[in-house]
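Next come the chains, spelled out residue by residue.
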Amino acid sequence: MSEIRFDGRVVVITGAGNGLGRTYARAFAERGAKVVVNDLGGLAKGGGQDPSVAQAVVDQITAAGGEAVANADSVEDGAKIVQCALDHFGRIDVVINNAGVLRDSVFHKMTDEDWDLLNRVHLQGAFRVTRAAWPHLRAQGFGRVVMTASGAGVYGNFGQANYAAAKLGLFGFAQTLAIEGRSRNVLVNTIAPVAASRLTETVLPKEVLEVLKPELVAPLVLLLSSETNSSTGQLFEVGGGCIARLRWQRSGALTYETGRGFTPEQLASDWAKLQSFAGADNPATVADSFALIGRHAGVNLQLTPQ
Ligand code: NAI
């Protein structure tokens, strides 16, 4: 296999001043990419601003012979970050939506600000950056986008209702972009990483953090961002040198006579079948989802975009 390189490619990485993003930035630059190191330089729980955070990563990259530019805009102003790529490097090829903050709180104490901040940074931030990049990726017939979700979004996690909602929102966002981008060779995938960083150093013990190096996440992000990659619309759990792909599983269906309907009591007595996953399959598209119902109901159930 030939070396995966990014010569001539321009990569925007949000939140690249620390943790995972910083590791990606160095790895892309080592392989020839021109990198926009975006970071607001704020606090882990949001708030604050420090342009020296992004600049420090750029200084490391340039000292190692790489090419990078610092950008300290918030992802909420995503168009400015993309404009920075265009102004400095004349193009944009890869977007790594990585910036993130945490504002954990049990749901009964969660404030509007806790909820809104997480949505603004994770979901709206990724939307703003990606929307600004999208026309360029489509027009040039090459683009790679990586979203950063989280196991907390996929499975739920105590005290993280705001984070979980935003993170799984990013996956839904990615799935539609994957469908819309495919014909223009714009591929969109999602990772749910685990790595030592300032976001995890307060919740994981030191000996665990030592094995969860961000360098063990970066190879997946680089592969997904490369010309070698042809996968899109996929979700991966990644960390500590372990990578797995996630997909949906649908249980065998309970089916009742369409004209007659059924009662909650009938459903209760059949409930164990749903719980057992007997006869399960793995739907991958809305068409797969609708086909099951359409087949049973004897109708051609298809969405027609208006
Ligand atoms: P980190 O705190 O080390 O890095 C996140 C960076 O994003 C920080 O440098 C921060 O200044 C920057 N940032 C925050 N708000 C910003 C904004 N509005 N505009 C631009 N930059 C902003 O955290 P880490 O762990 O490297 O996280 C990276 C991503 O991975 C985040 O999206 C996080 O939610 C996600 N993640 C991390 C996990 C882990 O185990 N470390 C687990 C699951 C998801």
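Owing to the predicted nature of the structure, the values given are computational and were not obtained by experimental measurement.

Visitor: Help me out: how do you make sense of the pattern of salt bridges in this one?
Guide: In a structure, side chains of opposite charge can pair up when their charged atoms sit close to one another. Counting across every chain of the model gives nine salt bridges. Of the charged contacts in the structure, one is a salt bridge between Arg 120 and Glu 76, with a shortest N-O distance of 3.0 Å. Here the residue Arg 120 occupies a position in helix H4 (residues 112-140), and Glu 76 occupies one in the loop between strand S3 (67-71) and helix H3 (78-89), the gap between them amounting to 44 residues. Arg 120 gets classed as partly exposed once you look at its relative accessible area, which sits at 27%. Glu 76 gets classed as partly exposed once you look at its relative accessible area, which sits at 22%.

Visitor: Please clarify how the side chain of Gln 160 should be interpreted in this entry.
Guide: Examined against the element boundaries, Gln 160 turns out to sit in the loop between helix H5 (151-155) and helix H6 (161-181). Its relative accessible area of 8% is what places Gln 160 among the buried residues. Leave out the neighbours within four places in its chain, and Gln 160 touches Leu 102, Asp 104, Ser 105 and Ala 152.

Visitor: Can you help me understand the site of the ligand in this one?
Guide: Around the ligand, a shell composed of 30 residues is seen, among which Asp 39, Asn 98, Tyr 163, Ser 197 and Arg 198 lie nearest. Contacts to the ligand include Ser 197, whose side-chain N or O atom sits 2.4 Å from an oxygen atom. In the complex, 97% of the free accessible area of the ligand, which totals 820 Å², lies under the protein chains. Judged by the proximity of its atoms to the pocket grid, the ligand belongs to the largest pocket. For the shell around the ligand, the secondary-structure elements that each account for two or more residues are helix H1 (19-30), H4 and H6.

Visitor: Is there a simple way to think about unusual backbone geometry in this case?
Guide: With the exception of glycine, the majority of residues adopt a negative phi angle, and the majority of peptide bonds are in the trans configuration. A positive phi angle, close to 60°, is found at Asn 185, a residue other than glycine. Its location among the elements puts Asn 185 in the loop between H6 and strand S6 (186-193). Of note, the phi angle at Phe 277 is positive, near 65°, even though the residue is not glycine. Relative to the helices and strands, Phe 277 resides in the loop between helix H9 (264-276) and helix H10 (286-297). In this structure Phe 277 comes out as partly exposed when scored by relative accessible area, which is 37%.

Visitor: Explanation requested: the sheet that holds S6 in the structure shown.
Guide: Within a sheet, neighbouring strands are paired by backbone hydrogen bonds and run either parallel or antiparallel to one another. With respect to topology, eight strands assemble into an open sheet ordered S3-S2-S1-S4-S5-S6-S7-S8, the strand pairing being mixed. The open sheet has two edge strands, S3 and strand S8 (242-246), and neither has a second partner. For this sheet the average axis-to-axis angle between neighbouring strands, irrespective of direction, equals 20°. Contacts from helix H2 (residues 52-63) reach strand S2 (34-38) and S3, with the element oriented near 175° to S3.

Visitor: What am I meant to see in the pairing of S2 here?
Guide: Side-chain direction in a regular strand flips from residue to residue, so the side chains alternate between the two faces of the sheet. The buried fraction of S2 amounts to four of the five residues, a majority that puts the element mostly inside the structure. With five bridges joining them, S2 and S3 adopt parallel strand pairing. Bridged to Asn 38 within S3 is Asn 71. For the segment spanning S2, H2 and S3, crossover handedness is right-handed.

Visitor: In this structure, what is going on with the pairing of strand S7 (residues 235-239)? I would like to understand it.
Guide: S7 sits mainly inside the fold: four of its five residues count as buried. Direction of pairing for S6 relative to S7: parallel, over a ladder of four bridges. When the bridges of S7 are listed, Ala 192 appears paired with Glu 237. Inspection of the sheet shows S7 paired to S8 by five bridges, in the antiparallel sense. Bridge pairing links Phe 236 to Arg 245 in S8.

Quick notes on the rules
Residues numbered from 1 in each chain as written. Predicted model: local features only at pLDDT ≥ 70, side-chain atom pairs only at ≥ 80, totals over all residues. Heavy atoms only, no water. Salt bridge = Lys/Arg side-chain N within 4 Å of Asp/Glu carboxyl O. Helix = DSSP H or I, 4+ residues; strand = E, 2+ residues; numbered from the N terminus. Buried < 20%, exposed > 50% of the residue type's maximum accessible area, 1.4 Å probe, protein only. Contact = heavy atoms within 4.5 Å. Near = heavy atom within 4 Å. Polar contact = N/O pair within 3.5 Å; in protein donor to acceptor, adjacent residues only side chain to side chain. Areas by Shrake-Rupley, 256 points an atom, 1.4 Å probe, with all protein chains shown as cover. 1 Å grid on protein atoms, 1.4 Å probe; cavity = no way out; pocket = protein on both sides within 12 Å on 5 of 7 lines; lining within 4 Å. Sits in = over half its atoms within 2 Å of the grid points. Pairing = 2+ DSSP bridges. Axes fitted to C-alpha atoms, helices over the stretch in contact; angles between N-to-C directions. Right-handed = clockwise from strand over helix to strand, strands pointing away.

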